[in-house]
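# Topology and contacts: notes
Each chain is listed here by its residues.
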Amino acid sequence: GSFRGSTEGSYEQMHFVAGRGTITDAEGVVTEVRPGVVMLCPDGWSGVWDVHETIRKTYAVVKTR
């Protein structure tokens, strides 16, 4: 499926360990999600997730405000 995501007042660092998909940010930059990919979503980030296979990740969310 697809869904919108955003980070307001925080940032998120993710390390994908399973699954497959794409994440497209508001500027149109596409990140391929697969095991081993690390992604940082800074405060104010927004985008759309398109999940092709169930995604599993480790993550840390840090408040910035």
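Residues numbered from 1 in each chain as written. Predicted model: local features only at pLDDT ≥ 70, side-chain atom pairs only at ≥ 80, totals over all residues. Heavy atoms only, no water.

Looking at the secondary structure, you find Asp 25 in strand β2 (residues 10–25). It turns out Asp 25 is buried and unbridged, and the closest side chain with the opposite charge, Arg 4, is 9.9 Å from it. At 2.9 Å, the side chain of Asp 25 forms a polar contact with the backbone nitrogen of Glu 27. The residues touching Asp 25, leaving out its near neighbours within four places in the chain, are Trp 45, Ser 46 and Gly 47. (Helix = DSSP H or I, 4+ residues; strand = E, 2+ residues; numbered from the N terminus. Buried < 20%, exposed > 50% of the residue type's maximum accessible area, 1.4 Å probe, protein only. Lys, Arg positive; Asp, Glu negative; His and termini not counted. Salt bridge = Lys/Arg side-chain N within 4 Å of Asp/Glu carboxyl O. Polar contact = N/O pair within 3.5 Å; in protein donor to acceptor, adjacent residues only side chain to side chain. Contact = heavy atoms within 4.5 Å.)

Once that is clear, we can look at a nonpolar patch on the surface. A surface patch of nonpolar side chains, amounting to about 240 Å² of accessible area, comprises Tyr 11, Leu 40 and Val 62. If you trace the backbone, Leu 40 turns up in strand β4 (residues 38–41). (Patch = residues over 30% accessible without salt bridge, like charges linked within 9 Å, V, L, I, M, F, W, Y side chains within 5 Å. Areas by Shrake-Rupley, 256 points an atom, 1.4 Å probe, with all protein chains shown as cover.)

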